[in-house]
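# Coordinate inspection notes
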Protein chains: 2
Amino acid sequence: MNFSTKTEYGLRALVKLDPKVKSPVSLAQIARSESISLAYLERLFVLLKKAKIVRADLGVGGGYYLARPAKDISVLEIVEVLEGKILSYACVKGKVCAHSASCKVHPVWQKLYKEVRQTLGKMKLINIMK
Amino acid sequence: MNFSTKTEYGLRALVKLDPKVKSPVSLAQIARSESISLAYLERLFVLLKKAKIVRADLGVGGGYYLARPAKDISVLEIVEVLEGKILSYACVKGKVCAHSASCKVHPVWQKLYKEVRQTLGKMKLINIMK
DNA sequence: ATAAGACCTACTAATTTAGTAGGTATTATA
DNA sequence: TATAATACCTACTAAATTAGTAGGTCTTAT
């Protein structure tokens, strides 16, 4: 159980954005300061944009900025966008497992899933930006 | 962030053991009832044995049994044995990240790591065996 | 003697993750 | 109006991990 670098890179990059809305920061700048491949970062930001976490301005002086106030963006959202659904087991999703009528392990994943989501949901981007 | 099937299989197999100590259950039996490849299960149990979670009897009538009472075996132990260290980032381990003097994302992983370990640590095998 | 079991090693297949390469479209500004 | 900086797009490749297979040896109850 580990997060991939997608999440790590993504979070590290997002905190480099301007907390002020509409104040674009270029990915080239972030890639440099965080030593992350620009091409890779670009792809992560496509996902973040689709998820309406960030917006972008094209052209010179352009870049990415937050689509919403940082206090309204949770780490959970970011993680789920970049990482995919966390703990995505049949068990976790509430389905009865295929292999046995009533899977005893089910409650373990259920509880963990709930707690992790709660914890990450409470963490807002604003809290780690400054 | 997902657990591999190692953990899923391992847990599902462990709850099939006899809660009584020294009452061996064969892996062939578990493999059958849980539709898990026997050869794969065997390798998982080598790890569990090394970690002193289970013991084994050889020969006919042999099999695996818990090395300790099920109330003294936490899901955390099992997960860490089968999955490797969870959330094993430089950040998480308390080291300062290489890429910046003080990583702002650090506290996110720290807190999550602590909570996940706490949650899984409190869950004991006995609670899911019956 | 036999069969059921753990135990061991090496290989392979599949999937995911990470990264690269080579572009196009848009836009501020010199 | 040319240029350079930016997002945006697609396809490919490399590396690592995960999952599974194959083919055995050693031990022991019956």
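Structure: see above.
Notes on the structure follow. All values reported here derive from a predicted model rather than from experimental measurement.

This part covers the protein's contact with DNA strand D. Surrounding DNA strand D, one finds 25 residues, the nearest of these being Lys49 and Tyr64 of chain A together with Thr5, Arg43 and Leu58 of chain B. By atom count, sugar and phosphate contribute 65% of the portion of DNA strand D lying within 4 Å of the protein. Here a base nitrogen of DNA strand D sits 3.1 Å away from a polar atom, N or O, in the side chain of glutamate 42 of chain A. One of the side-chain nitrogen or oxygen atoms of tyrosine 9 of chain B is found 3.1 Å away from a phosphate oxygen of DNA strand D.

The next point concerns the interface of chain A and chain B. Each side of the interface is counted separately: chain A has 34 residues, and chain B has 34 residues. For the pairing of chain A and chain B, the buried interface totals around 3300 Å² over both sides, and the portion due to carbon and sulfur atoms is 68%. The tally of links from chain A across to chain B stands at zero salt bridges. The interface formed by chain A and chain B includes two residue pairs in polar contact (both at pLDDT 80 or more). Per-element accounting of the side of chain A that touches chain B gives the leading share, eight residues, to helix α5 (residues 106–122) of chain A. Residue classes in the side of chain A that touches chain B are distributed as 17 nonpolar, eight polar and nine charged.

What follows concerns the protein's contact with DNA strand C. The local shell around DNA strand C holds 25 residues, among which Arg43 and Leu58 of chain A together with Leu27, Lys49 and Tyr64 of chain B are the closest. Of all atoms in DNA strand C that approach within 4 Å of the protein, 67% are sugar or phosphate atoms. The backbone of threonine 5 of chain A places a nitrogen or oxygen atom 3.0 Å from a phosphate oxygen of DNA strand C. One of the side-chain N or O atoms of arginine 43 of chain B is found 3.0 Å from a base nitrogen in DNA strand C. The set of elements that each furnish at least two residues to the surface near DNA strand C consists of α1 (5–14) and α3 (38–50) of chain A together with α3 (38–50), β1 (54–57) and β2 (63–66) of chain B. Looking at the surface near DNA strand C residue by residue, the classes come out as 11 nonpolar, eight polar and six charged.

Residues and elements named next belong to chain B. Axis separation between helix α1 (residues 5–14) and helix α4 (residues 75–83) bottoms out at 9 Å; the angle between their running directions is 135 degrees. Comparing the axis directions of α1 and α4 gives the class oblique. By crossing handedness, the relation of α1 to α4 is classed as right-handed. Contact residues: α1 offers Lys6, Thr7, Gly10, Leu11 and Leu14, while α4 offers Val75, Ile78, Val79, Leu82 and Glu83.

Turning our attention to unusual backbone geometry. Residue lysine 52 of chain A is not a glycine yet carries a positive backbone phi of 60 degrees. Topologically, lysine 52 of chain A is positioned in the loop between α3 and β1 (54–57). For lysine 52 of chain A, a relative accessible area of 61% puts it in the exposed group. For serine 35 of chain B, which is not glycine, the phi dihedral falls at a positive 50 degrees. If you trace the backbone, serine 35 of chain B turns up in the loop between α2 (27–34) and α3. Among the residues examined, serine 35 of chain B registers a relative accessible area of 63% and is labelled exposed.

It is worth spelling out the packing of aromatic side chains at this point. Each aromatic ring pair is characterised by the separation of its centres together with the angle its planes make. All names here are of chain A. Tallied over the full model, the rule gives six aromatic pairs over all chains. On the basis of an interplanar angle of 55 degrees and a centroid distance of 4.9 Å, the ring pair of phenylalanine 45 and tyrosine 64 is categorised as tilted. Of this pair, phenylalanine 45 sits in helix α3 while tyrosine 64 sits in strand β2 (residues 63–66), and the two are 19 residues apart along the sequence. Under the relative-accessibility criterion, tyrosine 64 is labelled buried at 14%.

Parameters and conventions
- Residues numbered from 1 in each chain as written.
- Chains lettered and ligands numbered in written order.
- Predicted model: local features only at pLDDT ≥ 70, side-chain atom pairs only at ≥ 80, totals over all residues.
- Heavy atoms only, no water.
- Near = heavy atom within 4 Å.
- Polar contact = N/O pair within 3.5 Å; in protein donor to acceptor, adjacent residues only side chain to side chain.
- Contact = heavy atoms within 4.5 Å.
- Buried area = accessible area lost by both parts, 1.4 Å probe.
- Salt bridge = Lys/Arg side-chain N within 4 Å of Asp/Glu carboxyl O.
- Helix = DSSP H or I, 4+ residues; strand = E, 2+ residues; numbered from the N terminus.
- Nonpolar A, V, L, I, M, F, W, Y, C, P; charged D, E, K, R; others polar.
- Axes fitted to C-alpha atoms, helices over the stretch in contact; angles between N-to-C directions.
- Parallel < 35°, antiparallel > 145°, perpendicular 65-115°, else oblique.
- Left-handed = near helix turned anticlockwise from the far one by under 90°.
- Buried < 20%, exposed > 50% of the residue type's maximum accessible area, 1.4 Å probe, protein only.
- Phe/Tyr/Trp six-rings, centres within 6.5 Å; stacked < 30°, edge-to-face > 60°.

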